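Structural characterization, general
The lines below spell out each chain.
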Amino acid sequence: MCAPRRVSARRPPPPIDRPCRLRPAGAARKAPALRRRGFLFAAPVARLAGCLRLQGLTVRRLLILLLAGWLTHLPALAEGGVALVLSGGGARGVAHIGVLKVMEQMRIPVDCVVGTSMGAIVGAAYAAGVPLATMERQVRSADWDAIFANTVPRDRQPFREKEDASRNRSALSMGYGDGRVLLPHSAIAGQELDRFLQRLIGSADDLPNFDALALPFRAMATDLESGQLVVLDDGPLWRAMRASMAVPGVFLPIAQDGRLLVDGGLVLNLPVDEGRRLCGTRVIAVNLGTPPMARDRLQSATDIVLQAINLALEQNVAQQLARLGADDALVQVDLGSITSMDFDRVLETIPLGEAAARNAAGVLARFSVDAESFALWQRQRQARWTQPEPVIRQVVVDGMRYVPAEAIRARLDALRDRPLDREALERDIDGLYSSGDFERLRYSLVRDGAVADLRIEAAEKSWGPTYLRFGGGLSADFEGDGAVGLYAGVSRRWLNRWGARLDADVQLGTTNRLRTELYQPLGLNAAWFVAPSIEFQSRATPVYDKGRKLADYKVRERTLGLDLGYEMGEWGELRVGLRRGTQRAEVLAGQALYPAIDIDDGALQASATLDRLDSPFFATRGYAARLQVARHLPRFGSDLDYTTSALNASLAMSYQAHSAQLGVLFAGSPDRDLPAVARTPLGGPFLLSGYRYGELTADQVFLLRGAWYRRISKLPDSLGRGVYMGATYEWARLRAYASAGADAGTFRSGSLFVGADTVLGPLYLGAGMSPEIHEWRFYLQFGQPY
């Protein structure tokens with residue numbers, strides 16, 4: 001196989017104006033290191049030249065600085081430098097931290113670092129001066145599931161998206177534009193990964209090129225169009241780290257300088273040649289290997305893509321291993337069954353890396369130096385190139401199609417004309433990204449002395465701003481009763497510069513519904529909004545008497561609404577508004593236990609909703625509550641005078657694999673002038689599970705419920721979150737005031753169930769019993785049919 005063509009990604013560094021620190025920081029590109037008895041003293045030519053440009057130093061001043069360094073350290077020009085070469089390996093790559101820990105224990109300095117994929121991430125952090133203890137702490141505290149998820153964690157999603165998910169209205173989502181359906185990208189956009197990388201390397205991300213790091217560094221990437229090797233040698237540093245590990249089919253490619261960049265391991269997974277070219281006639285290579293996965297691990301399209309990549313990687317690794325000589329060292333790490341995607345096992349790799357380095361201690365010992373020399377090298381590496389945070393001069397927004405650029409600038413305007421607060425900036429970026437309009441949202445600084453432009457790189461969702469949503473569900477109680485509902489909706493965002501949104505939904509089945517709402521903020525990025533709506537609904541309500549179904553009651557409603565509201569970001573919203581419409585009800589089948597009604601309705605309605613659960617169905621943490629009050633009065637157009645209220649709240653917590661959820665429901669009305677259709681129905685999963693759907697109705701309900709469940713199996717990401725087993729217990733007190741047929745008294749239920757949190761909605765299969773009736777009720781529910 002021919003050696004891949006090498007393409008440099010280097011560009012001339014932008015002009016900067018900042019204090020220059022002349023400190024040993026590793027050899028410059030192609031510059032030999034100066035060593036005395038193995039001790040590295042590196043005064044990079046590139047850094048000195050940069051200092052001349054920045055500070056206006058004369059040649060005489062430069063010679064004085066060089067002489068001072070020479071007299072201080074008295075190095076002798078000996079053999080070339082030592083290059084540290086770190087291979088790729090995905091989750092396996094965290095083992096590099098273990099190898100580096102042993103190398104530091106053995107007092108082994110290096111002159112430069114090159115890496116591929118995860119080796120580029122660990123290598124870049126090490127070259128930037130990050131202490132190993134800090135690096136390991138970051139890895140141990142990272143939420144790897146969130147980092148490699150393609151969605152924002154639910155507690156940070158927009159409230160309206162949470163509402164759709166809790167009703168299973170967005171099980172399938174896609175876009176529409178240019179007369180065709182647009183599908184979301186299946187690959188991971190990497191927003192959380194980018195944030196992790198930027199936090200890991202800190203201010204080193206602002207340096208003009210990678211020779212200015214504590215140790216010169218190079219990352220390997222692949223040009224997706226040409227297949228050529230791309231050697232990344234200038235910043236931003238996080239972008240190079242990110243591009244080097246953009247596995248095709250798993251992560252979206254990174255666009256840079258007119259190229260689409262993906263994982264460098266496709267061409268050069270163990271870049272020995274690049275390490276030798278950068279600074280070292282001697283190389284310390286750390287190879288993690290990419291063994292093929294066993295057949296039983298090949299369960300998804302992603303697994304198959306990674307298997308094909310792993311097979312290709314072994315070929316170019318073998319070529320580079322053959323280039324190692326007698327003066328080089330190889331650390332071969334055996335990671336057993338841990339694969340490149342086992343990020344839930346990354347902490348297991350660190351001790352395996354340590355063990356491999358100790359096994360190679362014999363060859364590594366040749367690179368060791370005395371304690372004093374290594375301590376000086378370590379201080380030089382960790383003396384990060386620090387500088388005061390710049391004052392933000394302006395916010396520059398790139399790449400917008402339909403979201404107004406001023407919407408982003410307005411959100412970040414508070415950062416202008418003051419020193420950069422990175423924590424505040426990240427919070428604002430999080431808030432913008434959580435709006436649901438962006439595929440990726442990143443930032444970088446363009447420095448100009450003590451000030452800088454904050455550049456926002458925004459990639460809107462390519463399948464927006466018109467979205468199609470599908471969902472629904474079905475339920476059955478194995479006794480001939482059940483419900484079914486199919487849902488479809490369309491949402492058009494950014495109808496105007498203030499961010500208006502139009503939603504139109506239709507549901508067909510046991511409940512038929514057509515609803516349209518216009519959500520209009522009262523300003524750019526405003527929390528206040530108005531929301532006019534219109535809804536047509538038809539639903540069938542079962543009528544039971546002492547456990548026997550006697551009739552089906554059909555209710556038809558038409559409603560016009562106008563709300564004034566306040567949106568609390570991802571937390572929830574407050575609303576108050578007027579409703580005006582009609583209600584028609586009649587017996588559809590069976591005995592006429594409920595009277596036919598034909599009334600006008602009108603009400604003043606207020607609601608407050610809070611949702612911080614991490615899942616709407618199998619939550620492991622968080623809380624949620626919804627309070628709704630409606631006052632029906634003749635002055636609003638109602639034929640009846642009554643008040644209804646409902647409070648539904650839950651709290652979720654977990655310990656290891658066990659989760660518990662506590663909830664309370666209070667609903668109903670004490671008024672006697674209450675139509676039968678306003679009663680609260682109970683029965684089915686988590687609502688007195690020992691009764692059938694709608695078997696109980698009451699004028700007023702107070703219900704306490706508790707659930708325990710444990711995840712017994714993890715589902716592939718393409719299918720869902722997991723499979724669970726659990727149990728519930730519910731206690732309710734029901735009251736009937738004047739309505740005929742309403743239930744009253746104390747009711748209890750318990751159930752056992754197995755369930756799955758799937759991408760198409762929740763699946764429950766369970767059995768419930770009530771001590772009041774001593775009969776088992778079996779139920780199946782998939783999605784949300786109501």
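The shown structure was predicted, so the numbers you read here are calculated from the model rather than taken from an experiment.

Rules used in this analysis
- Residues numbered from 1 in each chain as written.
- Predicted model: local features only at pLDDT ≥ 70, side-chain atom pairs only at ≥ 80, totals over all residues.
- Heavy atoms only, no water.
- Helix = DSSP H or I, 4+ residues; strand = E, 2+ residues; numbered from the N terminus.
- Buried < 20%, exposed > 50% of the residue type's maximum accessible area, 1.4 Å probe, protein only.
- Contact = heavy atoms within 4.5 Å.
- Areas by Shrake-Rupley, 256 points an atom, 1.4 Å probe, with all protein chains shown as cover.
- Disulfide = S-S within 2.5 Å.
- UniProt positions renumbered as here; feature names shortened; annotations may be inferred.
- Pairing = 2+ DSSP bridges.
- Axes fitted to C-alpha atoms, helices over the stretch in contact; angles between N-to-C directions.
- Core = buried A, V, L, I, M, F, W, Y, C linked by side-chain atoms within 4.5 Å.
- Parallel < 35°, antiparallel > 145°, perpendicular 65-115°, else oblique.
- Left-handed = near helix turned anticlockwise from the far one by under 90°.
- Phe/Tyr/Trp six-rings, centres within 6.5 Å; stacked < 30°, edge-to-face > 60°.
- Lys NZ or Arg CZ within 6 Å of the ring centre and 35° of its normal.
- pLDDT = per-residue confidence, 0-100.
- Salt bridge = Lys/Arg side-chain N within 4 Å of Asp/Glu carboxyl O.

**Describing the overall build of the protein**
The number of helices and strands found in the protein is 16 helices and 34 strands. When each of the 786 residues of the protein is scored for burial, the buried share is 54%. Summarising the internal contacts of the protein: among those between residues at least 6 apart in sequence, 66% fall at separations of at least 24. If you sum the accessible surface of the protein, you get close to 33,700 Å²; carbon and sulfur atoms cover 58% of it.

**Topic: the state of the cysteines**
Under the counting rule described, the total for this entry stands at 1 disulfide. With its sulfur 2.0 Å from that of its partner, Cys-112 forms a disulfide with Cys-279. Judged by the sign of its S-S torsion, about -80 degrees, the bond between Cys-112 and Cys-279 is left-handed. A residue pair is termed long-range when its members are at least 10 positions apart, and Cys-112 in strand β5 (residues 112–116) and Cys-279 in the loop between α10 (272–278) and β12 (280–287) qualify at 167 residues. Cys-279 carries the same exposure label as Cys-112, and that label is buried.

**As for the UniProt feature "short sequence motif: GXGXXG" (unreviewed entry) in the protein**
UniProt records the feature "short sequence motif: GXGXXG" (unreviewed entry) for residues 88–93 in the present numbering. The annotated region residues 88–93 carries 0% helix and 0% strand content, and the separation between its end C-alpha atoms amounts to 6 Å.

**Remarks on the sheet that holds strand β14 (residues 391–398)**
Across the sheet, which stays open at both edges, the 3 strands sit in the order β14-β16-β15 with mixed pairing between neighbours. Strands with a single pairing partner mark the edges of an open sheet, and in this sheet they are β14 and β15 (438–448). The mean angle between the axes of side-by-side strands here comes to 20 degrees, regardless of whether they run parallel or antiparallel. For β15 and strand β16 (residues 451–460), the ladder comprises 10 bridges, and the chain directions are antiparallel. The residue of β16 that forms the bridge with Tyr-443 is Ile-456. Across the sheet, helix α16 (residues 422–433) is in contact with β15 and β16; its angle to β15 comes to roughly 150 degrees.

**Structural notes on the nonpolar core**
Counting 78 residues, the largest nonpolar core has Leu-84, Phe-217 and Ile-284 as its most contacted members. For this core, the leading source of residues is helix α4 (residues 118–127), giving 8 residues. If sequence neighbours within four positions are ignored, Leu-84 has contacts with Leu-100, Met-103, Val-110, Cys-112, Val-113, Val-114, Tyr-126, Ile-284 and Val-286. Ile-408, Leu-441, Tyr-443 and Ala-458 belong to the second largest nonpolar core, which has 28 residues in total.

**A short note on the packing of helix α8 (residues 191–201) against helix α9 (residues 237–244)**
Closest axis-to-axis distance for the α8/α9 pair is 9 Å, and the angle between their directions is 130 degrees. Between α8 and α9, the crossing angle belongs to the class labelled oblique. Note on packing geometry: the crossing formed by α8 with α9 is right-handed. Counting all contacts with α8, which are made through Leu-193, Asp-194, Leu-197, Gln-198, Leu-200 and Ile-201, the residues of α9 involved are Leu-237, Trp-238, Met-241 and Arg-242.

**Side note on the packing of aromatic side chains**
Think of a pair of aromatic rings as described by two things: how far the centres are apart, and how the planes are tilted against each other in angle. Evaluated as defined, the whole model comprises 16 aromatic pairs. Summarising the aromatic geometry, the rings of Trp-144 and Phe-343 are spaced 5.5 Å apart at their centres and angled 25 degrees between planes, so their arrangement reads as stacked. In this pair, Trp-144 is assigned in helix α6 (residues 144–147) and Phe-343 in the loop between β13 (329–332) and α12 (346–359), connecting sequence segments 199 residues apart. Judged by relative accessible area, Trp-144 falls into the buried class, the value being 11%. The rings of Phe-618, Phe-686, Tyr-709, Tyr-724, Phe-753 and Tyr-764 are connected pair by pair, giving a single aromatic cluster. The ring of Trp-571 carries the charged tip of Arg-612 above its face, separated from the ring centre by 4.0 Å.

**Digging into the side chain of Arg-493**
Within the secondary structure, Arg-493 sits in the loop between β18 (482–492) and β19 (501–509). Taking the relative accessible area as the measure of exposure, Arg-493 reaches 11% and is therefore buried. Among residues more than four places away in sequence, those in contact with Arg-493 are Glu-161, Ser-435, Gly-436, Asp-437, Pro-465, Tyr-467, Ala-500 and Arg-501.

**A closer look at the side chain of Asp-194**
Within the element layout of this structure, Asp-194 appears in helix α8. Here Asp-194 is in contact with Trp-238, Arg-242 and Arg-442, once residues within four sequence places are set aside.

**Thoughts on the confidence of the model for the protein**
Parts of the model with low pLDDT should not have their predicted coordinates read in detail. In the predicted model, the protein carries a mean pLDDT of 83, and 85% of its residues have values of at least 70. The low-confidence segment residues 10–79 (pLDDT under 50) makes 142 contacts with residues lying over four places distant or belonging to another chain.

**A short note on the pattern of salt bridges**
Counting across every chain of the model gives 55 salt bridges. Here Arg-381 makes a salt bridge to Glu-104, at a shortest N to O gap of 3.6 Å. Within this pair, whereas Arg-381 is found in helix α14 (residues 371–382), its partner Glu-104 is found in helix α3 (residues 95–105), the two being separated by 277 residues in sequence. Summarising the burial analysis for this pair, Arg-381 and Glu-104 share the class buried.

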